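What follows is the residue order along each chain.
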Amino acid sequence: RIARKYGANIFGRLRNPLLHKPNPPGMHGSKRKKKSDYGMQLEEKQKLRAVYGMLTQKQLLKEYRTALKMSGNTAHNFLMLLECRLDNIVYRLRFSQTIFAAQQLVSHGHILVNDKKVDIRSFLVKPGMKISLKAKTKKLKAVQFAQEQSSREIPEYLSLSDDKCSGELLVLPAYDQVPLPLIINVPLVCEFLAHTC
């Protein structure tokens, strides 16, 4: 339903929901009214939430407030912080088929950061940190299946080992390097969050 609403297979599922029902959900899905400024900001926020695994308002605000304290462009810093979350890095390294599966791998203790177990999904991965799978996790069918999927490219700010079981964040991702599955106006999201701070 969410993928149809935004017209993109945002969760990376193999069964693309848009193939069967291309229109947005609802009886009048194909007929949409013009949105207000608030409505546009809200929609952009919802898209960003969905892309990063249905993050809560509280989680988004936490990352936004951190971005505010950093030097440079707040919107760019905000997206970079979201991109460097451990659950997202696990997804980008193709250890899981979807962002939700990545969240589960992390919270169930399947992921090692610099050879130590980390089960906090929002853990901020920094350049030089090694992200790897536990020995038992490598044998999971869901993990092996995800590793075989070559349709999702590994972003250039990440490196993947030859055995596909470990990776590293090389540098902090630049705003235009982040492979979002649909166009999101991140500055609009920041405007929305600024009003709720």
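Further up the page is the structure itself.
These remarks concern the structure in this document. Because the structure is a prediction, the values reported are computed rather than measured.

1. Some remarks on the nonpolar core
- Grouped together as the largest cluster of nonpolar side chains are 24 residues, with contacts concentrated most on Leu86, Val90, Phe95, Ile111 and Ile131.
- Of all the secondary-structure elements, those providing two or more residues to this core are helix H5 (86-92), helix H6 (99-107), strand S1 (111-113) and strand S3 (130-133).
- With residues up to four places along the chain from it excluded, the contact list for Leu86 reads Val106, Ile111, Val113, Val118, Ile120, Arg121, Phe123, Val125 and Ile131.
- Residues Tyr64, Ala75, Val186 and Leu193 belong to the second largest nonpolar core, which totals 21 residues.

2. Comments concerning unusual backbone geometry
- Positioned with a positive phi, Asn114 is a non-glycine residue whose angle comes to about 50°.
- Of note, Asn114 is situated in the loop between S1 and strand S2 (116-117).
- Assessed through its relative accessible area of 41%, Asn114 is described here as partly exposed.
- Although it is not a glycine, Asp115 adopts a positive phi angle of roughly 70°.
- Looking at the element boundaries, Asp115 is found in the loop between S1 and S2.
- By relative accessible area, which is 55% here, Asp115 ends up exposed.

3. Observations concerning the environment of Pro181
- The topology assignment puts Pro181 in the loop between strand S5 (166-169) and helix H8 (186-196).
- Sequence spacing of Pro181 and Val51 is 130 residues, and the spatial spacing of their C-alpha atoms is 7.6 Å.

4. What to know about the packing of aromatic side chains
- As enumerated under the stated definition, the model contains two aromatic pairs in all.
- On the numbers, 5.7 Å between centres and 40° between planes, the contact of Tyr38 with Phe192 is tilted. Of this pair, Tyr38 sits in helix H2 (residues 37-51) while Phe192 sits in helix H8; the two residues are 154 residues apart in sequence, bridging distant segments of the chain.
- You can call Phe192 buried: its relative accessible area is 6%.
- Summarising the aromatic geometry, the rings of Tyr64 and Phe78 are spaced 6.1 Å apart at their centres and angled 90° between planes, so their arrangement reads as edge-to-face.

5. Considering the sheet that holds S1
- The strand order across the open sheet formed by five strands is S2-S1-S3-S5-S4, and the pairing between neighbours is antiparallel. Sheet topology places S2 and strand S4 (158-160) at the edges, where each strand pairs with a single neighbour.
- Here S3 pairs with S5 via three bridges, running antiparallel. Within S5, the position partnered with Lys130 by the bridge is Glu168.

Scoring rules and cut-offs
- Residues numbered from 1 in each chain as written.
- Predicted model: local features only at pLDDT ≥ 70, side-chain atom pairs only at ≥ 80, totals over all residues.
- Heavy atoms only, no water.
- Core = buried A, V, L, I, M, F, W, Y, C linked by side-chain atoms within 4.5 Å.
- Buried < 20%, exposed > 50% of the residue type's maximum accessible area, 1.4 Å probe, protein only.
- Helix = DSSP H or I, 4+ residues; strand = E, 2+ residues; numbered from the N terminus.
- Contact = heavy atoms within 4.5 Å.
- Phe/Tyr/Trp six-rings, centres within 6.5 Å; stacked < 30°, edge-to-face > 60°.
- Pairing = 2+ DSSP bridges.

Such coordinate-based values are descriptive only and should not be taken to indicate function.
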